[in-house]
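Residues per chain are reported as follows:
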Amino acid sequence: MKIKYLALIAAAVAAISCNCKNDKSLVIKTDVPARPAGQESVIGLTAEPMDTVRIGVVGLGMRGSEAVRRLTYLPGAKITALCDIEADRAEGARKLLVDKGMYEPVCFSGEQESWKGLCQREDVDLVYICTDWLNHAPIALYAMEQGKHVAIEVPAALNLEEIWALINTSERTRKHCMMLENCVYDFFELNALAMAQSGLFGEIIHAEGSYHHNLDPFWDEYWHSWRLDYNSKHRGDLYPTHGIGPICQALNIHRGDRFTTLVAMDTDPFTGPKSYEARNGKPCPDFKNGDETCTLIRTIKGKSLLIEHDVMTPRPYNRMYQLVGTEGYAAKYPVNQFCLKEKLTAEANEIGHETVYSGDKAKELQAGYRSVILTPELEEAAKMVGGHGGMDFIMDYRLVYCLRKGLPLDMDVYDLAEWCCVSDLSRISIENGCAPVEVPDFTRGEWDKVDGFKYAL
Ligand SMILES: NC(=O)c1ccc[n+]([C@@H]2O[C@H](COP(=O)([O-])OP(=O)(O)OC[C@H]3O[C@@H](n4cnc5c(N)ncnc54)[C@H](O)[C@@H]3O)[C@@H](O)[C@H]2O)c1
């Protein structure tokens, strides 16, 4: 009797462990639309070089009006058209250009779809989109259909439907569709990428990125408080791209590796409902977005990424940016630090038994690894024009430089897809008890066509 009982237990345990190990149905899959016949990938896409990039800017709030200011410093960039639903915002940007004695752009405003007029203009090569999130993909899709390249603020797409639509439209129209992810151009990230690409950290096997930014003082600054409103209605990591973008370049995502699976977990929304009620004078009992959302992603080459989102708590600003390699380590926050394996015993400190390069020692180490795109002239101009310390100017510079020379852009529509998909896929995971979710191969089979991330020069 006892033996029979034990045998039953053993059989049950075997059945359970067998299920856990092998049952692939535990992973949630989303639809991957087949690439339409006759359509090709846009990896390495180039377009005809152009002497001057004629730009139409849509959305002239905090970010868009700053973009207009920055673009006035870029040789070869000319703003020919402006659009904001609010006429005074379009007029403010127009006045800036005219007062600088530059040129007279044509303005569109007043209607929800006034941007259609801008997209139809023959004197616009690039539509630069800085509206609230809900308008990003509709404007970009329409602009590409009108034969324009598009550059879209972060996050460029909010869900898988928008992502696949942007991919298919870019592939079919052969137009560039780039997300304006500026953090890949911050000085530390450019430098650390050059260090990683030199092999200093060995093989990068894990990386972390985040967006910790207490937005409570800023919710009212957004047009009709669109951002808090969106957070109140959606669960998941709603702003993953600043954290994930720079580390994906170091991990060569869709340039030799690709995401396979993602799992996510969030806290309850402790702060959001209070912020909402304080501003709207009524409670929001069904506020969706948790104060903290964590996402883990695994790649086909066995690497892992940790991505975090917290725009609610008083935690200090932090994009994490950590690269963990077999031979070394780089971290940007809370202070710049590096660790190298070979120095472990020679200069071990007492607490962690590792050599930490920080302060002047870090600067000395960094000095040997300058990014190939960061010429002294570009660095000086970026620091003078500014925009998050200069990275925004470097982003605009690279976009305009590559378009003028007819080179592939630094970021393509598959980067956009991989970095934005975290929002929708983290939501799916969370809503299903933190279940693993398959990350689609947005390149549809071409993720290892390119060997490593490189800039076109
Ligand atoms: N990359 C970064 O560091 C960074 C920083 C801040 C904001 N952003 C992004 O920039 C975008 C804009 O943010 P913001 O802070 O400027 O917000 P904002 O609210 O100040 O500006 C949004 C603008 O869009 C306009 N708009 C809304 N509907 C429109 C329509 N149908 N047609 C034309 N214009 C319309 C509004 O009138 C407003 O001027 C967002 O996607 C945000 O996530 C990025």
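Not measured: the values here are computed from a predicted model.

Trainee: Give a description of the overall build of the protein that names residues and reports values.
Mentor: Check the secondary structure of the protein and you find 14 helices and 15 strands. Its C-alpha atoms give the protein a radius of gyration of 24 Å, near enough to 23 Å, the size a compact globule of 457 residues would have. Seen along its three principal axes, the alpha-carbon backbone of the protein occupies a region of about 95 × 55 × 55 Å. The proportion of buried residues among the 457 residues of the protein is 44%. Sequence separation of 24 or more characterises 74% of the internal contacts of the protein that already satisfy a separation of 6 or more.

Trainee: Describe helix H8 (residues 226-233), naming the residues involved and giving the relevant values.
Mentor: When H8 is considered as a whole, its buried residues turn out to be Arg227, Leu228 and Asn231. When H8 is viewed along its axis, its buried side chains cluster within an angular range of 95° and face the same direction. Those residues of H8 that are buried lie in contact with helix H10 (272-280).

Trainee: Explain the sheet that holds strand E7 (residues 204-212) residue by residue, including any values.
Mentor: Consider a sheet: its strands pair through backbone hydrogen bonds, and that pairing is either parallel or antiparallel. If you trace the nine strands from one edge of the open sheet to the other, you get E14-E13-E12-E11-E7-E10-E9-E8-E15, paired in mixed fashion. Both edges of this open sheet fall to strand E14 (356-357) and strand E15 (437-438), since each of them pairs with a single strand only. Sheet contacts for helix H14 (residues 413-431): strand E8 (259-266), strand E9 (293-299), strand E10 (304-310) and E15; angle to E8, the most-contacted strand, approximately 55°.

Trainee: I'd like a rundown of the environment of Gly290, residues and numbers included.
Mentor: Note that Gly290 resides in the loop between H10 and E9. A tally of 24 C-beta atoms within 10 Å means that Gly290 is categorised as buried. Counting along the chain gives 147 residues from Gly290 to Ala143, while the straight-line C-alpha distance between them is 34 Å. Those residues in contact with Gly290 that lie beyond four places of it in its chain are Arg235, Asp266, Thr267, Asp268 and Pro269.

Trainee: How would you explain the environment of Asn214 if you had to name every residue and give the values?
Mentor: In this structure, Asn214 sits in the loop between E7 and H8. In this structure, the C-alpha to C-alpha distance between Asn214 and Val311, residues 97 residues apart in sequence, is 4.6 Å. Apart from the residues within four sequence positions on either side, Asn214 is in contact with Val311, Thr313, Pro314 and Arg315.

Trainee: Got a sec to walk through the site of the ligand? Specific residues and values, please.
Mentor: Neighbouring the ligand are 26 residues; Gly59, Gly61, Arg63, Glu153 and Trp223 lie closest to it. For the shell around the ligand, the secondary-structure elements that each account for two or more residues are helix H2 (62-71) and helix H5 (133-145). It is H2 that contributes the most residues to the shell around the ligand, three residues altogether. Of the residues contributing to the shell around the ligand, the split by class is eleven nonpolar, nine polar and six charged.

Trainee: Outline unusual backbone geometry, supporting the account with residue identities and numerical values.
Mentor: Pro155 follows Val154 through a cis peptide bond whose omega is -15°. Within the secondary structure, Pro155 sits in the loop between strand E5 (149-152) and helix H6 (160-173). Geometrically, the link from Tyr333 to Pro334 is a cis peptide bond, its omega value of -5° lying close to zero. Position of Pro334 among the secondary structure elements: in the loop between strand E12 (328-331) and strand E13 (337-340).

Trainee: Any chance you could break down the sheet that holds E5 for me, citing the residues and the numbers?
Mentor: Ordered in space as E3-E2-E1-E4-E5-E6, the six strands form an open sheet in which the pairing is parallel. In this open sheet, the two edge strands, each paired with only one partner strand, are strand E3 (106-108) and strand E6 (177-179). With direction set aside, neighbouring strand axes in the sheet form an average angle of 25°. Two strands pair when backbone bridges link them, and E5 and E6 are joined in this way by three bridges, in the parallel orientation. Directly across from Val150, in E6, lies its bridge partner Cys177. Most of the contacts of H2 go to strand E1 (residues 53-58), to which it runs at about 160°, and overall it touches E1, strand E2 (77-83) and strand E4 (126-129).

Trainee: Mind laying out H10, listing which residues take part and the relevant values?
Mentor: Every buried residue of H10 is accounted for by Gly272, Ser275 and Tyr276. Projected down its long axis, H10 shows its buried positions confined to an angular sector of 100°, all on one face. Buried residues in H10 make contact with H8. Positive phi appears at Gly281, one or two residues downstream of H10, with a value of about 70°.

Trainee: Could you give an account of the packing of H6 against H14, naming the residues involved and the relevant values?
Mentor: Running from amino to carboxyl end, H6 crosses H14 at an angle of 170°, the nearest separation of the two axes being 9 Å. Overall, the two elements H6 and H14 adopt an arrangement that is roughly antiparallel. Contacts between H6 and H14 involve Leu160, Ile163, Leu166, Ile167 and Ser170 from the former and Val413, Leu416, Ala417, Cys420, Cys421 and Asp424 from the latter. Across the contact of H6 with H14, the residue classes break down as nine nonpolar, one polar and one charged.

Trainee: Go over the nonpolar core with me, naming the residues and quoting the values.
Mentor: By size, the foremost hydrophobic cluster in this structure holds 110 residues, and its most contacted members are Val57, Val127, Ile129, Ala140, Leu166, Leu323 and Leu416. Three or more residues apiece are contributed to this core by two domains, here domain 1 (53-180) and domain 2 (184-372 + 407-438). Leave out the neighbours within four places in its chain, and Leu166 touches Ala137, Ala140, Leu141, Ala156, Ala157, Cys177, Val413 and Leu416. Ranked by size, the runner-up nonpolar core spans five residues in total, among them Tyr211, Tyr239, Val311 and Met312.

Trainee: So what's going on with the domain arrangement of the protein? Which residues, and what values?
Mentor: By domain assignment, the protein separates into domain 1 (53-180) and domain 2 (184-372 + 407-438). With 19 residues of domain 1 at the contact, the number on the domain 2 side is 18 residues. Within the residue set of the side of domain 1 that touches domain 2, elements represented by two or more residues are H6 and E6. Considering each element in turn, the side of domain 1 that touches domain 2 owes the most residues, five residues, to H6. Split into classes, the residues belonging to the side of domain 1 that touches domain 2 amount to 14 nonpolar, four polar and one charged.

Parameters and conventions
Residues numbered from 1 in each chain as written. Predicted model: local features only at pLDDT ≥ 70, side-chain atom pairs only at ≥ 80, totals over all residues. Helix = DSSP H or I, 4+ residues; strand = E, 2+ residues; numbered from the N terminus. Rg over C-alpha atoms; globule rule 2.2 N^0.38 Å. Buried ≥ 20, exposed ≤ 12 C-beta atoms within 10 Å, placed from the backbone. Contact = placed C-beta atoms within 7 Å. Arc of directions from axis to C-beta. Pairing = 2+ DSSP bridges. Axes fitted to C-alpha atoms, helices over the stretch in contact; angles between N-to-C directions. Near = placed C-beta within 6 Å. Nonpolar A, V, L, I, M, F, W, Y, C, P; charged D, E, K, R; others polar. Parallel < 35°, antiparallel > 145°, perpendicular 65-115°, else oblique. Core = buried A, V, L, I, M, F, W, Y, C linked by C-beta atoms within 7 Å. Domains from an automatic or database assignment.

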